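This is what each chain is made of:
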Amino acid sequence: MHHKHIPYGTILTTMDKDSASTNTELSQPLLDPGQGADDANIPPLNPDDPLFGLRSSQVQASREIFGNNEILVPETPIWRLFLNQFIGFLPLLIELAAIVSLAVQDWQDFGIIVAMLLVNACLGFREEYHAKKSLDELSEQLESEIAVRREGDTMVLNTKELVPGDVVLLVGGTIVPADVQWLKGDVVQ
């Protein structure tokens, strides 16, 4: 059987993100039964050629079962960002001062204190909103790619396209794109 030369130091295969395995039999499924939520659905490695990778049908089936290789980040609504500005030591102290001035019916101090509270909330909201937007833009730019073996060929894919059972190829400095099981190559530290 002829293969392309694979110039990578370590060859790993992806696993279910909720599982870990010490199974080193290449002809067996990656995980022992009962380890993760849907372990039986992870395709086994090809017993004749573990570096062959998954077939297109296996990739499609895994994607339907497990979805994309990404962690969904809950979106914080803008109104919650604004309301969070009224929670904390300093805002609560200002709110307490406003309640005291309201209790003694000092309307002028109450108005000044409430104005201070609103200005503080608006400035804090503006800073958090801009930080959130910058982080979102940075996250979108940091999409990484990884070399993967599929149907006997090496291809570079976006890490979101990985599925459990994929054979990934790593070199020094590569960020590990998913939970993986070491198959062969250099010792991973």
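No experiment lies behind these values; they were computed from the predicted model shown.

*Asks:* Honestly, the overall build of the chain in this entry has me stumped. Any pointers?
*Replies:* Across its full length, the chain holds four helices and five strands. In sequence order, the secondary structure elements of the chain are arranged as β-α-α-α-α-β-β-β-β. A buried classification covers 32% of the 189 residues belonging to the chain. Accessible area for the chain stands at about 12300 Å²; split by element, carbon and sulfur atoms hold 59% of it.

*Asks:* Which parts of the structure should I look at to understand the pattern of salt bridges?
*Replies:* When their charged atoms lie close together, side chains carrying opposite charge are able to pair. According to the stated counting rule, one finds five salt bridges in the structure shown. Here Asp166 makes a salt bridge to Arg150, at a shortest N to O gap of 2.6 Å. A residue pair is termed long-range when its members are at least 10 positions apart, and Asp166 in the loop between β3 (153-158) and β4 (167-170) and Arg150 in strand β2 (residues 145-150) qualify at 16 residues. One salt-bridge network, in which partners are shared between bridges, spans Glu75, Lys132 and Asp136.

*Asks:* Help me understand the packing of aromatic side chains in this model?
*Replies:* Two descriptors summarise a pair of aromatic rings, namely the distance from one centre to the other and the angle between the planes of the rings. Within this structure, the stated rule accounts for three aromatic pairs. Between Phe125 and Tyr129 the ring centres are 5.8 Å apart and the planes differ by 25 degrees, which places this aromatic pair in the stacked class. One end of the pair is Phe125 and the other is Tyr129, both in helix α4 (residues 107-141) and four residues apart, which spans about a single turn. The class of Tyr129 is partly exposed, set by a relative accessible area of 26%.

*Asks:* Help me out: how do you make sense of helix α1 (residues 56-66) in this one?
*Replies:* One full turn of an α-helix is made of 3.6 residues, so residues set three or four places apart face in the same direction. For α1, the full list of buried residues reads Val59, Ser62 and Phe66. Down the axis, α1 shows its buried residues gathered within 70 degrees of arc, on one side only. α1 presents Ser57 and Glu64 as exposed residues on the side facing more than 90 degrees away from its buried surface. Contacts made by the buried residues of α1 are with β2. Backbone geometry just after α1 places Gly67 at a positive phi near 80 degrees.

*Asks:* Which parts of the structure should I look at to understand a nonpolar patch on the surface?
*Replies:* A cluster of nonpolar side chains, Phe89, Leu90, Leu93, Leu96, Val100 and Val104, forms an exposed patch at the surface whose accessible area comes to about 640 Å². Summarising the element assignment, Leu96 is placed in helix α3 (residues 89-103).

*Asks:* Help me understand the packing of α3 against α4 in this model?
*Replies:* Helix-helix packing is described using two parameters, namely the angle between the two axes and the distance between the axes. It is the contact of α3 with α4, at a shortest axis distance of 8 Å, that shows an interaxial angle of 160 degrees. By the angle between their directions, the pair α3 and α4 is classed as roughly antiparallel. Of the two possible hands of crossing, α3 and α4 adopt the one that is left-handed. For the pair formed by α3 and α4, the contact residues are Pro91, Ile94, Glu95, Ala97, Ala98, Ser101 and Leu102 on the first element and Trp107, Asp109, Phe110, Ile113, Val114, Met116, Leu117 and Asn120 on the second. Here the contact of α3 with α4 is composed, by residue class, of 11 nonpolar, two polar and two charged.

*Asks:* Would you mind showing me how to read the side chain of Asp166 here?
*Replies:* Of the residues examined, Asp166 reaches a relative accessible area of 0% and is grouped as buried. Reaching out from Asp166, the side chain makes a polar contact with the backbone nitrogen of Val163 at a distance of 3.0 Å.

*Asks:* Would you explain the pairing of β2 in this entry?
*Replies:* Two faces make up the sheet, and in a regular strand the side chains alternate between them. Counting buried residues in β2 gives five out of six residues, a clear majority hidden from the surface. For β2 and β3, the ladder comprises six bridges, and the chain directions are antiparallel. Note that in β3 the partner of Ile146 across the bridge is Leu157. Counting the residues in the hairpin turn of β2 and β3 gives two residues, including Glu151, whose phi is positive at 55 degrees.

Analysis parameters
- Residues numbered from 1 in each chain as written.
- Predicted model: local features only at pLDDT ≥ 70, side-chain atom pairs only at ≥ 80, totals over all residues.
- Heavy atoms only, no water.
- Helix = DSSP H or I, 4+ residues; strand = E, 2+ residues; numbered from the N terminus.
- Buried < 20%, exposed > 50% of the residue type's maximum accessible area, 1.4 Å probe, protein only.
- Areas by Shrake-Rupley, 256 points an atom, 1.4 Å probe, with all protein chains shown as cover.
- Salt bridge = Lys/Arg side-chain N within 4 Å of Asp/Glu carboxyl O.
- Phe/Tyr/Trp six-rings, centres within 6.5 Å; stacked < 30°, edge-to-face > 60°.
- Arc of directions from axis to C-beta.
- Contact = heavy atoms within 4.5 Å.
- Patch = residues over 30% accessible without salt bridge, like charges linked within 9 Å, V, L, I, M, F, W, Y side chains within 5 Å.
- Axes fitted to C-alpha atoms, helices over the stretch in contact; angles between N-to-C directions.
- Parallel < 35°, antiparallel > 145°, perpendicular 65-115°, else oblique.
- Left-handed = near helix turned anticlockwise from the far one by under 90°.
- Nonpolar A, V, L, I, M, F, W, Y, C, P; charged D, E, K, R; others polar.
- Polar contact = N/O pair within 3.5 Å; in protein donor to acceptor, adjacent residues only side chain to side chain.
- Pairing = 2+ DSSP bridges.

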